[in-house]
Amino acid sequence: MDRVAADPASAVSETRQWDRLMEMAKLGAIPGDGVNRACLTELDRQARRLLIAWAEPLGLTPSVDVIGNLFLRMEGTEPALAPVLAGSHMDSQPNGGRFDGIWGVLAALEAVQAIREAGMATRRPIEIVAWTNEEGGRFAPGCMGSMAYTGYRPPDTWDAVTDTEGLTFGAELRRQLEAERDIPRRGLGVVDGATPSAYVEAHIEQGPRLEAEDLEIGVVTGIQGSRWFTVEIHGRSDHAGTTPLRLRKDAVQDMLRAIAALNALMHDPEDVLRFTVARIEISPNSSNSVAERARFSIDFRHPDRTVLAERGDAIERVVKGALTTCSATVTERFNADPITFDRLVRDAVEKAARAQGLGTLRLPSGAFHDAQFLARVCPSGMIFVPSRGGVSHHPSEYTSPAHLAAGARVLAGVLADLADR
Ligand code: HGY
Ligand code: MN
Ligand code: MN
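Enquirer: Which residues make up the side chain of R20, and what values do they have?
Expert: Tracing the backbone through its elements, the reader meets R20 in helix 2 (residues 14-25). Every residue in contact with R20, bar those within four places of it in the chain, is listed here: W54, L106, L109, E110 and Q113.

Rendered as structure tokens:
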């Protein structure tokens, strides 16, 4: 077919993409149009099988690596060339929406299908990827699949991490790999010498800016840094009725003092810094026994690596300085530097959006993504589409079929462009 005439964007189907998204949203559906589909669960495995069932008839070949990242490869005319990678994650938050992550995977499928239906054969192979455990909701931290794939952390780093049922990541990963033993295995990306030529991730904005400025496409300039910690306060369990306060080692009371001190450390009048405590576990968690242990999560983010270093490194000192009767252990779980995306992909996104006559906005991402780690090993970038009301990590998360189709059209144009360079 005449290559000039081939226009993959015009072969993108809004309906097909939307129908697939709604089909996927049934797997883990929760009230309010939400989704709860944690990584390495039966629901996750059903979603992966559904994706493969849509991809194989297109001639895409599935494979899985040692940490469960799932790949669907469309061969290029020059198979030996490094592939262009496109995708996102399929796992959701426990009280999540129908679009976070999964749209990026289905947009990649839609874009590759459109490239084929436009009769294009790209030089480079294109691989669609679904990363393992981007959210970190069931097993903290997030981005385990992309951190392992890029060599940022060894794949067995998190084997002993447990979920709220006490199941370990390592055991649940082995269960998943066993359940998918029929899917061909592959090496671990960059670690095993297979660095992609570029990576593109389509994702909902999860913020208000595109909608507020009535623009369809976000050309993502970079991602702010994130640091996650677990703080464990150790006290002593006592009888709530008989133990005088002066004799108590109350882990909850000291936790409150520690969080108040951290709020002071993290105070930012410009409201750029993000500090969140959202997961608290108390033991023995009984109303008439003084708490002997209080464990809480810290999610700390900022675009400036100096702020991340200075305030993040002060957390342990500030926590321990706030305690009156208990002791504490502070463990860092996740540390992702702020990154700036490469001009190559950024400009390709801008060019593809302009070719569609779409309005673009250059903006950084407040959320982290697997692209944050791919950016360390190859030219990477992201395409945002508007989120209604800027809402995400909530069942009411919504992006219109038209905006999602526009995003897939841009992704198709970017992939066709990069896969021919
Ligand atoms: O937490 C994040 O930034 C991502 O949405 N998982
Ligand atoms: Mn996401
Ligand atoms: Mn998310």
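Enquirer: An account of the domain arrangement of the protein chain is needed here, citing residue identities and associated values.
Expert: Segmentation of the protein chain into domains returns domain 1 (8-224 + 339-418) and domain 2 (225-336). Each partner contributes residues to the interface: domain 1 has 18 residues there, and domain 2 has 12 residues. A combined buried area of about 1,100 Å² lies between domain 1 and domain 2, and 57% of that area is made up of carbon and sulfur atoms. Contact with domain 2 buries area across many residues of domain 1, yet P141, Q224 and F368 alone supply 50% of it, more than any other trio. Our count for the domain 1 to domain 2 interface comes out at zero salt bridges. Summed over the shared surface of domain 1 and domain 2, the number is three residue pairs in polar contact (both at pLDDT 80 or more).

Enquirer: Describe the coordination of the manganese ion (ligand 3), and please don't skip the residues or the numbers.
Expert: In ideal tetrahedral geometry, four donors around a metal make angles of 109.5 degrees, whereas ideal octahedral geometry with six donors gives angles of 90 or 180 degrees. Looking at the manganese ion (ligand 3), the protein donor atoms are D100 (OD), E135 (OE), E135 (OE) and H393 (NE2), and they sit 2.2 to 2.7 Å from it. Counting gaps between the donor residues of the manganese ion (ligand 3) yields the pattern D-x34-E-x257-H. A gap of 3.4 Å separates the manganese ion (ligand 3) and the manganese ion (ligand 2), which D100 links by coordinating each metal. Residue D100 is located in the loop between strand 5 (84-89) and helix 4 (102-117), and its partner E135 is located in the loop between strand 6 (126-131) and helix 5 (144-149); the two are separated by 35 residues in the primary sequence. Its relative accessible area of 4% is what places E135 among the buried residues.

Enquirer: Hey, could you go over the state of the cysteines for me, with residue numbers and the actual values?
Expert: One pass over the structure, following the stated rule, counts zero disulfides. Free of any disulfide, C378 has its nearest neighbouring cysteine sulfur in C143, separated by 14 Å.

Enquirer: Go over the pairing of strand 3 (residues 61-64), please, and point to the residues and values.
Expert: In terms of strand pairing, strand 3 meets strand 4 (residues 70-74) through four bridges, oriented antiparallel. Each bridged residue has a counterpart across the sheet, and for P62 the counterpart in strand 4 is L72. The hairpin turn running from strand 3 into strand 4, its antiparallel successor, is five residues long, and G68 in that turn takes a positive phi close to 90°.

Enquirer: Hey, could you go over the site of ligand 1 for me, with residue numbers and the actual values?
Expert: The environment of ligand 1 is made up of E134, E135, Q206, R301, A367, F368 and H393. Between ligand 1 and the protein, one listed contact pairs a nitrogen atom with a side-chain N or O atom of E135 at 3.0 Å. For ligand 1, whose unbound accessible area comes to 210 Å², protein coverage reaches 94%. Classifying every residue of the shell around ligand 1 by side-chain character gives two nonpolar, two polar and three charged.

Reading the values: the criteria
Residues numbered from 1 in each chain as written. Chains lettered and ligands numbered in written order. Predicted model: local features only at pLDDT ≥ 70, side-chain atom pairs only at ≥ 80, totals over all residues. Heavy atoms only, no water. Helix = DSSP H or I, 4+ residues; strand = E, 2+ residues; numbered from the N terminus. Contact = heavy atoms within 4.5 Å. Domains from an automatic or database assignment. Buried area = accessible area lost by both parts, 1.4 Å probe. Salt bridge = Lys/Arg side-chain N within 4 Å of Asp/Glu carboxyl O. Polar contact = N/O pair within 3.5 Å; in protein donor to acceptor, adjacent residues only side chain to side chain. Donors = N, O, S within 2.8 Å, 3.2 Å for Na, K, Ca; no water. Buried < 20%, exposed > 50% of the residue type's maximum accessible area, 1.4 Å probe, protein only. Disulfide = S-S within 2.5 Å. Pairing = 2+ DSSP bridges. Near = heavy atom within 4 Å. Areas by Shrake-Rupley, 256 points an atom, 1.4 Å probe, with all protein chains shown as cover. Nonpolar A, V, L, I, M, F, W, Y, C, P; charged D, E, K, R; others polar.

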